[in-house]
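Tertiary structure, described
The primary structure of each chain is shown beneath.
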Amino acid sequence: MPALTLREVLTLDPVRATGPELLAGEQALDRPVRWVHSSEVYEGANFLDGGELLLTNGFGLTDADEEVRRRYVRELAARDAAGLAVEVGRSLPYMPAEVIDEARRVGLPLLALHRVVPFVRITEAANRAIVARGLSGRSVVRPWGDDHTAALLADLADRAALNQPEVEARAALAGFHPGPGARLIGVSVHGTREPGVIDRAVRLLGGAGVLRAAFPGDLLALLSLPGASRPGRPADPVKAVQEVLRTAAEPGLTVAVGHAVAAGGGWLRWSDTLRAARTALELALTVPPAEPGVPDGPLVTSSRALAWERELTRGGVDANRERLAALVQHTLGPLLEWEAAHASDLVRTLEVHLRHGCSPTRTAALLHIGRQSLYQRLERIESLLGLEIGDPDLLGELLAAACAHRVVRGTGTASVGGLRTVA
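One structure accompanies this document, and this report is about it. In this text the structure is predicted, and so the values were computed from the model without any measurement.

1. Side note on the overall build of the protein chain
When helices and strands are tallied, the protein chain shows 17 helices and 10 strands. Counting across all 423 residues of the protein chain, residues that qualify as buried make up 49%. Relative to all contacts within the protein chain whose residues are 6 or more apart in sequence, the contacts with residues 24 or more apart total 71%. Summing over all exposed atoms, the protein chain offers an accessible surface of approximately 19500 Å²; the carbon and sulfur share of this is 51%.

See below:
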């Protein structure tokens, strides 16, 4: 389907409401419009990439001399702008003759807008129409067909070349309208292509918005939580999403949650949380967990819970395998030698203990052993390593090495069928 033309943009209701008058460039009305921007004239045309219709209130033309006005029109034409629309009657009493003359000379469509309509209404309507037209023509090249939501999520997760107005317009077409102060959280689910788990979580959250779609290896969703937390819900949005997913997800599913980002932080932040969720999902499926999971329940984790795994595998496991193996051997070599000769679980005990602030009560409960048995293991670990586990200078190195041991051990044999890694 051909792109939206300038002639078609002029038929949109908010544009017609301005009482537009075409003063030049009638021969170019059928050229495609790539995007609609609003800007003051004095900003110039340098930010245009070509194919844009530029809206301005004309303030920058009021005190400019004739040559400046002509040069501005020439610059727009040189940048291959689709047209210039100027609000006439407030800042600019009438369209300057030299602007009309120069637009006719270079063949640039020039519109005088005689009635005041907020530019945001014009840009929103036009850009939505442009996005809808563009997406409807993608089915022959995009694997998602007419699923605009899947196409947007795929572009965000793959960090395709996008811009904020396009992302917002495409999200709005899918019914996704994050409110002021909203926090966005990416979610990735493995083990089903049915979106019910996401829909149930959204209902439990109450007031959350969602974009979700099924992909060959997983479900991907972007949740929008209102800025103010609701009574009974954790103030931490990541924990709130994890809690409802533990309730909503069926046994056997693996769910990963990204970090929370501000909806108004730009589309790259939207991309960040989706990519973090998918990276966390791959790690959750390929690296043995540090702690026992809930029997017969879903595994629900997050990018923050897998922070060590993400950092240790940055750039890929294979690229880091030798370095990680060296770290493990240097730091935990005596424990590995002991475990090779005895039936014990010292490395895992050490990691769980460190992850939970060296709390004996919490560690024993998670490992399902008595505190006395735990103390015996900790004494054995300290004896073999010749150090004190609680030494602050050693905590980071010990935890990194224990995590690296799981990464190297797990990714060497695990396989994730169908998972499409994006980060």
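2. Section: helix α10 (residues 237-248)
Along an α-helix, a turn takes 3.6 residues, which lines up residues three or four apart on a common side. For α10, built from 12 residues, the straight-helix expectation of 16 Å at 1.5 Å per residue is met to within 8% by its first-to-last C-alpha distance of 16 Å. Taken together, the buried positions of α10 are Pro-237, Val-238, Ala-240, Val-241, Gln-242, Val-244, Leu-245 and Ala-248. Put simply, Asp-236 is the residue that caps the front of α10, since its side-chain oxygen is 3.0 Å from the backbone nitrogen of Val-238.

3. Thoughts on the sheet that holds strand β10 (residues 299-302)
Spatial strand order, β7-β8-β6-β9-β10: five strands in an open sheet with mixed pairing. Looking at the sheet topology across the chains shown, the edges are occupied by β7 (209-214) and β10. Each strand of the sheet is rotated relative to its neighbour by a mean of 15 degrees, with strand direction disregarded. Summarising the sheet, strand β6 (residues 183-190) and strand β8 (residues 219-225) pair through seven bridges and their orientation is antiparallel. Bridging from a neighbouring strand, Gly-186 pairs with Leu-222 of β8. Helix-sheet contacts for helix α9 (residues 196-205) involve β6, β7 and β8, and the interaxial angle to β8 is about 10 degrees. Most of the contacts of helix α11 (residues 267-286) go to strand β9 (residues 254-262), to which it runs at about 155 degrees, and overall it touches β6, β8, β9 and β10.

4. Here's the deal with the pattern of salt bridges
Following the criterion strictly, the structure yields 26 salt bridges and no others. With its nearest N and O atoms 3.3 Å apart, the salt bridge here joins Arg-355 to Glu-309. Of this pair, Arg-355 sits in helix α14 (residues 346-355) while Glu-309 is found in helix α12 (residues 307-312), placing the two residues 46 residues apart along the sequence. Note on Glu-309: relative accessible area 1%, which makes it buried. Arg-406 is the partner of Glu-309 in a salt bridge, and the nearest nitrogen-oxygen pair spans 2.5 Å. One end of the pair, Glu-309, is in helix α12; the other, Arg-406, is in helix α17 (residues 392-411), with 97 residues separating them in the sequence. Neither Glu-309 nor Arg-406 differs from the other in exposure class; each is buried. Salt bridges here are not isolated pairs; linked through shared partners, they connect Glu-66, Glu-67, Arg-70, Arg-74, Asp-101, Glu-102 and Arg-105.

The rules behind each value
- Residues numbered from 1 in each chain as written.
- Predicted model: local features only at pLDDT ≥ 70, side-chain atom pairs only at ≥ 80, totals over all residues.
- Heavy atoms only, no water.
- Helix = DSSP H or I, 4+ residues; strand = E, 2+ residues; numbered from the N terminus.
- Buried < 20%, exposed > 50% of the residue type's maximum accessible area, 1.4 Å probe, protein only.
- Contact = heavy atoms within 4.5 Å.
- Areas by Shrake-Rupley, 256 points an atom, 1.4 Å probe, with all protein chains shown as cover.
- Expected span 1.5 Å × (residues − 1).
- Polar contact = N/O pair within 3.5 Å; in protein donor to acceptor, adjacent residues only side chain to side chain.
- Pairing = 2+ DSSP bridges.
- Axes fitted to C-alpha atoms, helices over the stretch in contact; angles between N-to-C directions.
- Salt bridge = Lys/Arg side-chain N within 4 Å of Asp/Glu carboxyl O.

Bear in mind that shape data such as this cannot, by itself, settle questions of function.
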